[in-house]
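Residue-level listing of the chains:
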Protein chains: 2
Amino acid sequence: MKYERKIPIDLDCGVTIYQIMVGGKWKPYLINCMNCGLKRPSELLRAIHGATKRVLAQQLNEMEQMGLVTKRLYPEMPPRAEYELTETGRSLIPIIRLMDEWGLKHSCLFNEKGQYVGQNHGG
Amino acid sequence: MKYERKIPIDLDCGVTIYQIMVGGKWKPYLINCMNCGLKRPSELLRAIHGATKRVLAQQLNEMEQMGLVTKRLYPEMPPRAEYELTETGRSLIPIIRLMDEWGLKHSCLFNEKGQYVGQNHGG
DNA sequence: CAGCATCCCTCATGATACTG
DNA sequence: CAGTATCATGAGGGATGCTG
């Protein structure tokens, strides 16, 4: 098994489990993108601005090992791959949806450069 | 040079905002702990196993700047401080609760050492 | 197009010590 | 007890190149 933890985790704490399984920087975005069905890596790469194909592939691998996504590889040329959320993966959608909603509700605290400005009703 | 602050953040993506504001390793735990009311740093330190007071203080500072907690410092000796969730901070509780529930539901995928084992080979 | 290996930088965090 | 500065580290992930 490739996925090992050096530090023993606290199994009583669901947040810890969650962070291990969905903690990667891009996993929420990946889950979001795959919400609407099968996705190819190139699609995901285009959709998720700022990520490289290396990280996406890596995180997709982790998610596959964790049982969050399934992978289908077609033996064609050029190759084609498709990823899809498993039921477990889909069960994360509501959480990520909440996160997204919460974030959007507070996006007014940031300026166009993405810097935190706090209350910006000053004019 | 080549490595600049990668963030211009995507304000259209709530997940990004969320990760900026609540992305620290210990912030969910802190929020959880403060759910039941005022908390002193020493309490939080005892409650959150594995964290050092340095990180907790740091993340509490960030959370205060972000408007997630308020801090009350008593000019006593020895000093006393109390942290409390703001309304914004409390609005995160449902999300963290969901994360916790989700994680607990899948904690069976890990063994006692916190290593991922996939299918739980029962008892 | 998909996947992996390599190099190496950055950042958050851990450890420790000091101040008030 | 609370808070901060300093130093060390290691894991994540950005950039690039090769393979089929």
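With an unreviewed UniProt entry as reference, chain A is termed Helix-turn-helix transcriptional regulator, source organism Marseilla massiliensis.

S.K.: Would you explain the pattern of salt bridges in this entry?
M.R.: A side chain with one charge can pair with a side chain of the opposite charge if their charged atoms come near. On inspection of all chains with the given rule, the structure shows seven salt bridges over all chains. Each of A:E76, A:R80 and A:E82 takes part in a single network of salt bridges with overlapping partners.

S.K.: Explanation requested: the protein's contact with DNA strand C in the structure shown.
M.R.: Contacts to DNA strand C come from 24 residues, most closely from A:K53, A:K71, B:K25, B:R54 and B:Q59. In this structure, a sugar or linking oxygen belonging to DNA strand C sits 3.3 Å away from a side-chain N or O atom of A:R40. A:N61 is positioned with one of its side-chain polar atoms (N or O) 3.2 Å from a phosphate oxygen of DNA strand C. Elements supplying a minimum of two residues to the surface near DNA strand C: α3 (41-47), α4 (53-65) and β2 (80-85) of chain A together with α4 (53-65) of chain B. Examining the composition of the surface near DNA strand C, we find that five residues originate from one element, α4(B), more than from any other. In terms of residue class, the surface near DNA strand C is built from nine nonpolar, seven polar and eight charged.

S.K.: Could you clarify how one ought to interpret the interface of chain A and chain B in this entry?
M.R.: One frequent convention defines the size of an interface as the accessible area lost when the parts assemble. The interface is formed by 45 residues belonging to chain A together with 45 residues belonging to chain B. Summed over both partners, the interface of chain A with chain B comes to about 3700 Å²; 71% of that surface belongs to carbon and sulfur atoms. For the chain A face of the interface with chain B, the top three residues by lost area are A:V15, A:M99 and A:W102, together amounting to 18%. Put simply, chain A and chain B have zero salt bridges between them. Of all elements in the fold, only α1 (14-22), α2 (27-34) and α6 (93-105) of chain A reach the threshold of two or more residues within the side of chain A that touches chain B.

S.K.: How should the protein's contact with DNA strand D be read in this particular structure?
M.R.: Taken together, 21 residues lie near DNA strand D, and A:K25, A:R54, A:Q59, B:K53 and B:K71 sit nearest. The share of sugar and phosphate among atoms of DNA strand D within 4 Å of the protein is 53%. A distance of 2.9 Å is found between a base nitrogen of DNA strand D and a side-chain nitrogen or oxygen belonging to A:R54. At 2.7 Å from a phosphate oxygen of DNA strand D is found a side-chain nitrogen or oxygen belonging to A:Q59. Breaking the surface near DNA strand D down by element, the ones donating at least two residues are α4 of chain A together with α3 (41-47), α4 and β2 (80-85) of chain B. With four residues, α4(A) is the largest single contributor of residues to the surface near DNA strand D.

What counts, and at which threshold
Residues numbered from 1 in each chain as written. Chains lettered and ligands numbered in written order. Predicted model: local features only at pLDDT ≥ 70, side-chain atom pairs only at ≥ 80, totals over all residues. Heavy atoms only, no water. Salt bridge = Lys/Arg side-chain N within 4 Å of Asp/Glu carboxyl O. Near = heavy atom within 4 Å. Polar contact = N/O pair within 3.5 Å; in protein donor to acceptor, adjacent residues only side chain to side chain. Helix = DSSP H or I, 4+ residues; strand = E, 2+ residues; numbered from the N terminus. Nonpolar A, V, L, I, M, F, W, Y, C, P; charged D, E, K, R; others polar. Contact = heavy atoms within 4.5 Å. Buried area = accessible area lost by both parts, 1.4 Å probe.

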